[in-house]
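Below, each chain spelled out in residue letters.
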Amino acid sequence: KHLLKWSVISQFCLQSTKTSSSSSPTKKKKLKLIILAILFITTQLLWFSCDYWLNIWLSNSLNVSNEHIYIYSYIGWLLIFIVFAFLRMFLLVSLIISSVSILHDNVLISLLSAPINLFYDIVPIGRIMNRLSKDIDRIDLVLTSNVSEALTHQFSLLGALILCCIASPMFILFRKSSLAETSF
């Protein structure tokens, strides 16, 4: 398995706000990160809305005799969810591609500024090229999917915790004493 530390993922995400020529984040990329967070929250809310509408449909709490209203509304919620999920993934992939290209530029600059007598005379060019292409390929594949999955799961977990707090306010009042009484 390809396990990554959280520090690597967070550093990779922070890299997406920088440009290759400077180390300071740009306003445009910061805005993209804020929009990405909003899209993650919105898609999670839309997913919960789909589930809630399905619950209303199954319990027939609106007492509507025409079942088509439920079906069309559910399809509408799903289509809105799909559009927002697509926008979220499109923006996430564009930020990841930006991060990878900045990372590639930084590695290339480091390679080009390496001393000839201490680096290029010792390390064969084929090994440098192989290493560079293989590492960037691994970053493209492994880190991209891990960042996407980590963000998706974190927002899903946050949404589930918020939903538990709304559905059962006693969930918030969980005390240490009840935890100490529980035996495993």
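First, a word on what this report is: a plain description of the structure on this page. In this text, all values refer to a predicted model and were calculated from it rather than measured experimentally.

**Digging into the overall build of the protein chain**
At step 1: Tallying secondary structure elements over the protein chain gives six helices and zero strands in all.
At step 2: Reading the helices (α) and strands (β) of the protein chain from amino to carboxyl end gives α-α-α-α-α-α.
At step 3: The long-range fraction of contacts in the protein chain, counting pairs at least 24 apart against all pairs at least 6 apart in sequence, stands at 68%.
At step 4: Looking at the protein chain as shown, the accessible area adds up to about 13100 Å², and 70% of this sits on carbon and sulfur atoms.

**Looking at the packing of helix 3 (residues 67-112) against helix 5 (residues 125-167)**
At step 1: Between helix 3 and helix 5, the least distance of the axes is 10 Å, while the angle of their chain directions is 150 degrees. As judged from the angle between their axes, helix 3 and helix 5 are roughly antiparallel. The handedness of the crossing between helix 3 and helix 5 comes out as right-handed. In contact with Arg 88, Met 89, Leu 92, Ile 96, Val 100, Leu 103, His 104, Val 107, Leu 108 and Leu 111 of helix 3, helix 5 contributes Ile 128, Leu 132, Ile 136, Ile 139, Asp 140, Thr 144, Val 147, Ser 148, Leu 151 and Thr 152.

**Focus: the packing of aromatic side chains**
At step 1: If you walk through the whole model with that rule in mind, you get six aromatic pairs.
At step 2: Residues Phe 40 and Phe 155 carry aromatic rings whose centres are separated by 5.0 Å and whose planes lie at 15 degrees to one another, so their mutual orientation is stacked. Highlighted residues: Phe 40 in helix 2 (residues 27-59) and Phe 155 in helix 5, separated in sequence by 115 residues.
At step 3: Look at Phe 40 and you get buried, because its relative accessible area is 2%.
At step 4: Each residue in the set Trp 53, Trp 57, Tyr 70 and Tyr 74 is aromatic and connected to the rest through ring pairs, giving one cluster.

**What to know about the environment of Leu 103**
At step 1: Take Leu 103: it is sitting in helix 3.
At step 2: When the C-alpha positions of Leu 103 and Ile 136 are compared, they lie 8.5 Å apart, and in sequence the two are 33 residues distant.

**A closer look at helix 5**
At step 1: In a regular helix each residue adds 1.5 Å, so 43 residues correspond to 63 Å; helix 5 covers 61 Å between its end C-alpha atoms and thus fits that length.
At step 2: Ile 139 marks where helix 5 bends most, by close to 25 degrees.

**So, the nonpolar core**
At step 1: Of all hydrophobic cores here, the largest spans 16 residues; its most connected members are Leu 36 and Leu 92.
At step 2: Secondary-structure elements contributing two or more residues to this core are helix 2, helix 3 and helix 5.
At step 3: Considering each element in turn, this core owes the most residues, seven residues, to helix 5.
At step 4: Non-local contacts of Leu 92, meaning those with residues more than four positions away in its chain, are made with Leu 36, Phe 40, Ser 148 and Leu 151.
At step 5: Core analysis: the next-biggest nonpolar cluster, separate from the first, contains eight residues, Leu 46, Cys 50, Trp 53 and Tyr 70 among them.

Parameters and conventions
Residues numbered from 1 in each chain as written. Predicted model: local features only at pLDDT ≥ 70, side-chain atom pairs only at ≥ 80, totals over all residues. Heavy atoms only, no water. Helix = DSSP H or I, 4+ residues; strand = E, 2+ residues; numbered from the N terminus. Contact = heavy atoms within 4.5 Å. Areas by Shrake-Rupley, 256 points an atom, 1.4 Å probe, with all protein chains shown as cover. Axes fitted to C-alpha atoms, helices over the stretch in contact; angles between N-to-C directions. Parallel < 35°, antiparallel > 145°, perpendicular 65-115°, else oblique. Left-handed = near helix turned anticlockwise from the far one by under 90°. Phe/Tyr/Trp six-rings, centres within 6.5 Å; stacked < 30°, edge-to-face > 60°. Buried < 20%, exposed > 50% of the residue type's maximum accessible area, 1.4 Å probe, protein only. Expected span 1.5 Å × (residues − 1). Bend = angle between axes of the 7 residues up to and from the residue. Core = buried A, V, L, I, M, F, W, Y, C linked by side-chain atoms within 4.5 Å.

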